Amino acid sequence: MLEDALGAVSAAADLQELQEVRVRYLGKKGLLTQQLKGLGALPPDERREAGRVINEHKAAVEEAIRERRAALERAALDEQLAREAVDVTLPGTQLPQGGLHLLTMVTHRLLDVFTALGYEVAVGPELETDHYNFESLNFPAEHPARDEQDTFWTTDGRLLRTHTSPMQVRYMETHRPPFKVVVPGKVFRNEAVDATHEAQFHQLEALVVGERITMADLKGAIDEMASALFGAGTRTRLQPTFFPFVEPGAEFAIYWTHPRTGRQEWLELGGCGMVHPNVFEAVGYEGVTGFAFGFGIERLALVPYGIPDIRSFYQGDLRVLRQFRGAL
Ligand code: YSA
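Here the structure is a predicted model, which is why all the values come from computation and not from measurement.

Undergrad: Got a minute to help me understand the overall build of the protein chain in this structure?
TA: Helices and strands together make up the secondary structure of the protein chain, namely eleven helices and nine strands. Rg of the C-alpha trace for the protein chain: 43 Å, well past the compact-globule value of 20 Å for 328 residues, more than 25% over. Oriented by its inertia axes, the alpha-carbon framework of the protein chain measures out at about 130 × 45 × 40 Å. A buried classification covers 38% of the 328 residues belonging to the protein chain. Residue pairs at least 24 apart in sequence account for 65% of intrachain contacts in the protein chain once pairs closer than 6 positions are excluded. By element, 53% of the accessible surface of the protein chain is carried by carbon and sulfur atoms, the whole surface being about 18,600 Å². Measuring between centres, the 34 positive side-chain charges of the protein chain sit 8 Å from its 46 negative side-chain charges.

Shown next as structure tokens:
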């Protein structure tokens, strides 16, 4: 029986089988247990020797089971470790890396230029009121200049701002001069979309107010920006034009070398002028003057990088966007 028991123990292929062998020999009704129980039936002189032998066998079977269990558990653990092994020296999975959109990079670059010149940066709401977008900027209702900025209206009578200029008034309402501030942001126009016009685009607005701010300061600020962006000594020009919230008003352009054609040409950027007295009156400012300018950021990004169509900024085509990764 001992041989059978030891053979069964070493043949047990897993812990479940080993448990069955243990029950078969050492359980309450197990074969060795039965033998022990049968000792009482033996004559007293045989009982002691038989008891010793059975107990020895029992201990041997218990020991064999303990060893087999340890071996099976070790094998199971080894197998699990092998199955779940991780090779920490293998190269990791490459995650796709995003990048900043060209317009974001150009905006950051512009903000760097202006903050270095001491300008503060402010942002304002894209959903505006008629008051801030037009009325307070000296566009009364029915003023023909409103036609130039056709607008998306909401059903509650508000509108998507058509330019960043409303922030001039919002900023002046909450700050006292002197100050220099720039406002980047998204603007919207109800326009026929083509290669140079989008219904949604970005502008950067600058506003400087103080005691003796002049048109020469305006020209100087535009010159500084042009030199920072396109190199020292870059020429700029102002040409008279009309915006209701400035007097005098002008369009401004930068003379630069087109990187693709190599030709020197004027790049029209946006509008500018001296803040109109009616605008100062609307915010309760007295005894100060100021200048402002605003321009399209897409325009500034389109031409230098030779992008033929403004719509490519918003189509999300990675083949286009990837070309400008780290461009600035
Ligand atoms: C004028 C005087 C100031 O003291 C301050 C700001 C201004 C600018 C004024 N708020 C304005 O929006 N003028 S604008 O209608 O001529 O637009 C300025 C620039 O925005 C344009 O020169 C152009 O670069 C860009 N822009 C206009 N419509 C656009 C557009 N860019 C893309 N798509 C459109 N639909």
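Now, onward.
Undergrad: Just checking my understanding: could you explain the environment of Ala282 for this structure?
TA: Among the secondary structure elements, Ala282 is positioned in helix α9 (residues 277–282). Each C-alpha atom of the pair Ala282 and Ser136 lies 6.4 Å from the other, and the pair is 146 residues apart in sequence.

Undergrad: How should I be thinking about the nonpolar core in this particular structure?
TA: Nonpolar side chains in soluble globular proteins tend to end up buried together. Grouped together as the largest cluster of nonpolar side chains are 38 residues, with contacts concentrated most on Phe291, Phe293 and Phe295. When residues of this core are traced back to their parent elements, those giving at least two are α5 (102–116), β5 (200–210), α8 (215–230), β7 (246–257), β8 (264–275), β9 (289–296) and α10 (297–302). Per element, the largest residue contribution to this core is seven residues, and it comes from α5. Apart from the residues lying within four places of it in its own chain, the contact partners of Phe291 are Tyr119, Ala206, Leu207, Val208, Ile213, Thr214, Asp217, Leu218, Ala221, Gly273, Met274 and Val275.

Undergrad: Honestly, the site of the ligand in this entry has me stumped. Any pointers?
TA: Around the ligand, the structure places 26 residues, and the nearest of them are His163, Ser165, Arg189, Glu198 and Gln203. Contacts to the ligand include Ser165, whose side-chain N or O atom sits 2.9 Å from a nitrogen atom. In this structure, an oxygen atom belonging to the ligand sits 3.0 Å away from a side-chain N or O atom of Gln203. Protein burial of the ligand: of its 700 Å² of free accessible surface, 89% is covered by the chains. Looking at the shell around the ligand, the elements with two or more residues in it are β5, β8 and β9. Broken down by element, the residue count for the shell around the ligand peaks at five residues, all from β8. When the residues that make up the shell around the ligand are grouped by side-chain class, the tally is nine nonpolar, twelve polar and five charged.

Undergrad: Please clarify how the sheet that holds strand β4 (residues 179–188) should be interpreted in this entry.
TA: Sheet strands line up and pair through hydrogen bonds in the backbone, either parallel or antiparallel. As summarised here, the arrangement of the seven strands in space is β1-β4-β5-β9-β8-β7-β6, forming an open sheet in which the pairing is mixed. Among the strands making up the open sheet, the edge pair consists of β1 (120–121) and β6 (236–241). Taken together, the six bridges between β6 and β7 define a ladder with antiparallel strand orientation. Residue Pro240 lies in a different strand from β7, and its bridge partner there is Ala250. Packing against the sheet, α8 makes contact with β6, β7, β8 and β9, and its axis sits at approximately 35° to β9.

Undergrad: When you look at the pattern of salt bridges in this model, what are you seeing that I'm missing?
TA: Proximity of charged atoms lets side chains of opposite charge pair with each other. Summed over the entire model, instances satisfying the criterion amount to 13 salt bridges. Two residues, Glu49 and Arg52, come together in a salt bridge whose shortest N-O distance is 2.7 Å. Remark: Arg52 and Glu49 occur in helix α4 (residues 44–83); sequence separation between them is three residues, near one turn of the helix. Assessed through its relative accessible area of 41%, Arg52 is described here as partly exposed.

Undergrad: Mind showing me how you'd approach the packing of helix α2 (residues 15–26) against α4 here?
TA: Two quantities define a packed helix pair, namely the angle between the helix axes and the distance between the axes. Where α2 meets α4, the closest approach of the two axes is 10 Å, and the angle between their N-to-C directions is 170°. Considering their axes alone, α2 and α4 lie roughly antiparallel with respect to each other. Taking contact as the criterion, the partners of Leu15, Leu18, Gln19, Arg22 and Leu26 in α2 are, on α4, Lys58, Val61, Glu62, Ile65, Arg68, Arg69, Leu72 and Glu73. Of the residues contributing to the contact of α2 with α4, the split by class is six nonpolar, one polar and six charged.

Reading the values: the criteria
Residues numbered from 1 in each chain as written. Predicted model: local features only at pLDDT ≥ 70, side-chain atom pairs only at ≥ 80, totals over all residues. Heavy atoms only, no water. Helix = DSSP H or I, 4+ residues; strand = E, 2+ residues; numbered from the N terminus. Rg over C-alpha atoms; globule rule 2.2 N^0.38 Å. Buried < 20%, exposed > 50% of the residue type's maximum accessible area, 1.4 Å probe, protein only. Contact = heavy atoms within 4.5 Å. Areas by Shrake-Rupley, 256 points an atom, 1.4 Å probe, with all protein chains shown as cover. Lys, Arg positive; Asp, Glu negative; His and termini not counted. Charge placed at Lys NZ, Arg CZ, Asp CG, Glu CD. Core = buried A, V, L, I, M, F, W, Y, C linked by side-chain atoms within 4.5 Å. Near = heavy atom within 4 Å. Polar contact = N/O pair within 3.5 Å; in protein donor to acceptor, adjacent residues only side chain to side chain. Nonpolar A, V, L, I, M, F, W, Y, C, P; charged D, E, K, R; others polar. Pairing = 2+ DSSP bridges. Axes fitted to C-alpha atoms, helices over the stretch in contact; angles between N-to-C directions. Salt bridge = Lys/Arg side-chain N within 4 Å of Asp/Glu carboxyl O. Parallel < 35°, antiparallel > 145°, perpendicular 65-115°, else oblique.

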